[in-house]
Amino acid sequence: MQETYITLEEAARFEGISYKGLTSRISRNPARYKTRTEAREGGGKELVLLSTASLSQKGRWAYRAQIRAMAEPEEAGETAPWYVEADLGSYIEQHKRAYYEAVELARRVQDFLNYTGPNRTEYAERLAVGLGVSPQTLYRYTQSVQEAGVWARKLEEADGHGRDYFRALALCRKPREKATFPSLTEEQKAIIQNIWFDRDFADNGCTVEMLYEAFQQQGAARGWESVPSCKTVGRYVRHLMELPAAESARYLAANGLREWKNKKEIKGKRDSSTLEVMEYLVADAHTFDVWVSYTTPNGKQKAIRPVLVAWEDMKTRRLLGPILCEHSNTQIVKESFIKACYDGGAVPKHVHTDNGKDFANLETLGQDRSIRAMDRAAMDAEMKGFYLAMGAKDWSRSLPFQPWDKLIERAFGTFCKRYSRKFKAYTGTLTGSRTDAKRKKDIDGMLERGELLTLEEFYDLLVEFLETWYDRHEHQGLKAAGERWTKPAELWEHAPHYEKAVPPREYALMLLMKPGRAKVNSQGIRRNNLLYTADELCHYVDKWVNIRWDPEDVTRLYVYDKEGRRICEARTAELLEFGDRVSEEALEALHKRKKRQLRGTREFLEEMQAPPEARGLCGPQATAGKLDLTIGHTARPKVVSLPVDKEFRGAMTPKKQKAGGSGGAFLDAKAGAALKRLKAMNE
């Protein structure tokens, strides 16, 4: 029989030792090993080959198993074992006990393969009795372990990653496929998807029982011989809603794009720790859920819900320039901004406002509000808007119905919880999403009896609340931003005023990681005081997921769903800067993620809404029309900056230089009125 020779590297792998260990054995006992040499194709030192007959029994078995695994798929048309494509993390999460029992069994089988002592048959019988199986089963185990070792080596040669866990999975049962629903045809599944994800059906909040009624009607119209039970349809609906994009897609169908963007769209998180005090101010107006007594200009008393106009410093989260009024307007916004500048002792570098017409108009922006971005070319010294004329370098404004980029909204939420509820005239929030929080109060009777606070009294209490509680209380936003001082007043006092990638690890590292659970929000996953994000998380917003992380490498999280299936590898997110600090690359990456999420959700929704005829699942039906499922069609600044406007320069010119001019008295009068107004605002 012709001898077969293999390289020393292959022989060492079959023996389960290192290359150096094999060469040491050959040098110690050269008579036992039969070798020969042959010239290399590219020249150089001759290649040493070892006869397979010189291998140990364990090595010969491993060699024969590789020969069988390489030959059988081509000859018999067999496919790779199930564990080659299996997700180890998912399998362990679902079959933890079976996997670790298989690990121990694989170790015992490998010991049997490595056994070189006498009476191998007796040793096999004793081992089989100890394992509680027959000798034939033991030999079948050895064949499975050897085959798994061959597949592990083949894949390791392809990509360089070890897969020793194949030996344990080879002794486990193949997982049973779930959610097959054999009693439902593809046409029936499509009909259920059409009904459940229909816009009107989802918008009305219809139940599974109502879906089943419509499903039966469709079955009668299509001439089905039998219709599955309501329980089967309900189980299939639950299976649909467990798909990653299903909940988001149905929310889009039921509530529309605007609400979907508000609740489900992924969003970026900005890093406020790089800002300086008074560098970035955000403005908004808030209507309190408390009624107060208000005296109109004609002297009439009436009850109103006061509106607060204020500016928030994004570095410290302090509220500046608060003004209470009946209705917000441009003049009040301007007064509030001036007051905020004096309270903060500086003019902010960047101004970010609400999209309302009282904040964003030609007077405040210096350009038409239909132009969203600031047009610097149009910002000359004469017509550049109120914010820039005060000394701000640039401005920006929120998109309509997208309030999440104004953190001042969260401060207003704190007012509702910590401040408004203390008043007798509190009537609860009046927003449509929280109607259960409304409280019935006799506001008209309280006004007649004089039980309502006046607007001025309410303002004094608000200022006291801001100074004694809000500014002195630990702020969670500052804590999350990693600030040293987590109270707004302390950070305002100490902060300066207006001046990692580790290579991926393999499966073994996952077993050493710490497990946990986390809730995915619109920005990603918050853990270890870091924000982790990945594109795959967009379909898991507001859902709980399982996570694992390496304590020595907190730059990534391995995320799994509740069934143990791996979702993605989330990495630490790059926080967005504010104003002109934000990079174009970061914004483009965020917008691309948003577009990918929306496109994927829409594609899933279109697929769920496609009728069976469009999918080619059934022949033409004798029906007409579209599927219709509904019936019926306080610090003062020590230094001030001088504006460069020509009107201001003209007003400040000495009178002796304006001999013969007619506007001096008028400008003096206007300047005096302005000074009185500023004094009144600071009193």
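Residues numbered from 1 in each chain as written. Predicted model: local features only at pLDDT ≥ 70, side-chain atom pairs only at ≥ 80, totals over all residues. Heavy atoms only, no water.

A. Region of the structure containing the overall build of the protein chain. Along the protein chain, the regular secondary structure elements total 26 helices and 16 strands. Looking at the protein chain residue by residue over its 683 residues, the buried ones come to 42%. Total accessible area on the protein chain stands at roughly 38900 Å², and carbon and sulfur atoms take up 50% of it. (Helix = DSSP H or I, 4+ residues; strand = E, 2+ residues; numbered from the N terminus. Buried < 20%, exposed > 50% of the residue type's maximum accessible area, 1.4 Å probe, protein only. Areas by Shrake-Rupley, 256 points an atom, 1.4 Å probe, with all protein chains shown as cover.)

B. Structural view of empty space enclosed by the protein. Estimated volume of the second largest cavity: approximately 40 Å³. As for the second largest cavity, its lining consists of Glu247, Ser248, Lys264, Cys538, His539, Tyr540, Val541 and Lys543. (1 Å grid on protein atoms, 1.4 Å probe; cavity = no way out; pocket = protein on both sides within 12 Å on 5 of 7 lines; lining within 4 Å. Points joined across faces, edges and corners; volume = space filled by probe spheres on them.)

C. Highlighting helix 19 (residues 455-470). Along helix 19, the residues classified as buried are Leu455, Phe458, Leu462, Phe465, Leu466 and Tyr470. Each buried residue of helix 19 sits inside an arc of 95° when the element is viewed along its axis, so together they form one side. Those residues of helix 19 that are exposed and angled more than 90 degrees off the buried face are Glu456, Asp460 and Thr468. Tucked into the core, helix 19 has its buried residues touching strand 5 (292-295), strand 7 (307-313), strand 8 (319-325), helix 17 (408-418) and helix 21 (488-494). (Arc of directions from axis to C-beta. Contact = heavy atoms within 4.5 Å.)

D. Geometry of unusual backbone geometry. Residues other than glycine seldom take positive phi values, yet Arg317 does so here, at roughly 65°. In this structure, Arg317 sits in the loop between strand 7 and strand 8. According to the relative accessible area criterion, Arg317 is buried, its value standing at 6%. A positive phi angle, close to 70°, is found at Asp542, a residue other than glycine. Take Asp542: it is sitting in the loop between strand 13 (530-533) and strand 14 (544-550).

E. A look at the packing of aromatic side chains. In this structure the tally under the stated criterion is 21 aromatic pairs. Geometrically, the ring pair formed by Trp82 and Tyr83 is edge-to-face, given 6.0 Å between the ring centres and 80° between the ring planes. An aromatic cluster is built from Phe288, Tyr419, Phe423, Phe458, Phe465 and Trp469, whose rings are joined through pairwise contacts. Taking the ring centre of Trp492 as reference, the NZ or CZ of Arg318 above it sits at 4.8 Å. (Phe/Tyr/Trp six-rings, centres within 6.5 Å; stacked < 30°, edge-to-face > 60°. Lys NZ or Arg CZ within 6 Å of the ring centre and 35° of its normal.)

F. Summary view of the nonpolar core. Formed by 31 residues in total, the largest nonpolar core has its most connected members in Phe288, Leu308, Leu319, Phe415 and Phe458. Put simply, the parts of the chain that give this core at least two residues each are strand 4 (280-287), strand 5, strand 6 (301-304), strand 7, strand 8, helix 17, helix 18 (443-448) and helix 19. The biggest single contributor to this core is helix 19, with six residues. With near-sequence residues (within four places) excluded, Leu308 lies in contact with Asp284, Ala285, His286, Phe288, Leu319, Pro322, Ile323, Leu324, Phe412, Phe415 and Leu462. Judged by nonpolar contacts, the second largest core, of 30 residues, contains Cys325, Ile332, Ile338 and Ala360. (Core = buried A, V, L, I, M, F, W, Y, C linked by side-chain atoms within 4.5 Å.)

G. A look at the sheet that holds strand 9 (residues 350-353). Ordered by their spatial adjacency, five strands build an open sheet running 8-7-4-9-10, and the pairing between neighbours is mixed. Across the chains shown, the open sheet's two edge strands, defined by having one partner strand only, are strand 8 and strand 10 (394-397). Averaged over all pairs of adjacent strands, the angle between their axes in this sheet comes to 15°, without regard to strand direction. Two strands pair when backbone bridges link them, and strand 4 and strand 9 are joined in this way by three bridges, in the parallel orientation. (Pairing = 2+ DSSP bridges. Axes fitted to C-alpha atoms, helices over the stretch in contact; angles between N-to-C directions.)

H. A look at the pattern of salt bridges. Under the criterion given, the structure shown has 18 salt bridges. The salt bridge partner of Arg97 is Glu101, with a shortest N-O separation of 3.2 Å. Placement of the pair is Arg97 and Glu101 together in helix 5 (residues 96-114), with a separation of four residues, close to one helical turn. Linking Arg107 and Asp111 is a salt bridge whose minimum nitrogen-to-oxygen distance equals 3.4 Å. You can see Arg107 and its partner Asp111 sitting in helix 5, four residues apart, about one turn around the helix. Its relative accessible area of 41% is what places Arg107 among the partly exposed residues. (Salt bridge = Lys/Arg side-chain N within 4 Å of Asp/Glu carboxyl O.)

I. The arrangement of the packing of helix 5 against helix 6 (residues 120-131) in detail. Following both chains from N to C, one finds helix 5 and helix 6 inclined at 170°, their axes separated by 11 Å at the closest point. When the axis of helix 5 is compared with that of helix 6, the two are roughly antiparallel. Between helix 5 and helix 6, the residues in contact are Leu105, Arg108, Asp111, Phe112 and Leu113 and Arg120, Tyr123, Ala124, Leu127 and Leu131, respectively. A class-by-class count of the residues in the contact of helix 5 with helix 6 yields seven nonpolar, no polar and three charged. (Parallel < 35°, antiparallel > 145°, perpendicular 65-115°, else oblique. Nonpolar A, V, L, I, M, F, W, Y, C, P; charged D, E, K, R; others polar.)

J. Quick look at a positive patch on the surface. There is a patch of like positive charges on the surface, built from Lys417, Arg418, Arg421, Lys422, Arg439 and Lys441. Here Arg439 is to be found in the loop between helix 17 and helix 18. (Patch = residues over 30% accessible without salt bridge, like charges linked within 9 Å, V, L, I, M, F, W, Y side chains within 5 Å. Lys, Arg positive; Asp, Glu negative; His and termini not counted. Charge placed at Lys NZ, Arg CZ, Asp CG, Glu CD.)

K. Broad picture of the side chain of Asp198. By the element assignment, Asp198 lies in the loop between helix 9 (186-196) and helix 10 (199-203). What makes Asp198 buried here is its relative accessible area of 16%. Looking at Asp198, its side chain comes within polar contact range of the main-chain nitrogen of Asp200, at 3.1 Å. (Polar contact = N/O pair within 3.5 Å; in protein donor to acceptor, adjacent residues only side chain to side chain.)

L. Fine view of the packing of helix 9 against helix 12 (residues 230-241). It is at 11 Å that the axes of helix 9 and helix 12 come closest, and there the two elements cross at 65°. The angle between helix 9 and helix 12 places the two elements in the roughly perpendicular class. When the axes of helix 9 and helix 12 are compared, the crossing they make is right-handed. Side by side, helix 9 and helix 12 meet where Lys189, Ile192, Gln193 and Trp196 of the first sit next to Val233, Tyr236, Val237, Leu240 and Met241 of the second. (Left-handed = near helix turned anticlockwise from the far one by under 90°.)

M. Structural detail: the pairing of strand 6. Both strand 5 and strand 6 contribute to a ladder of four bridges, which runs antiparallel. Residue pairing for strand 6: Tyr294 is matched across the bridge by Lys302. Linking two consecutive strands that pair antiparallel, namely strand 5 and strand 6, is a turn of five residues; a positive phi of about 90° is found at Gly299 within it.

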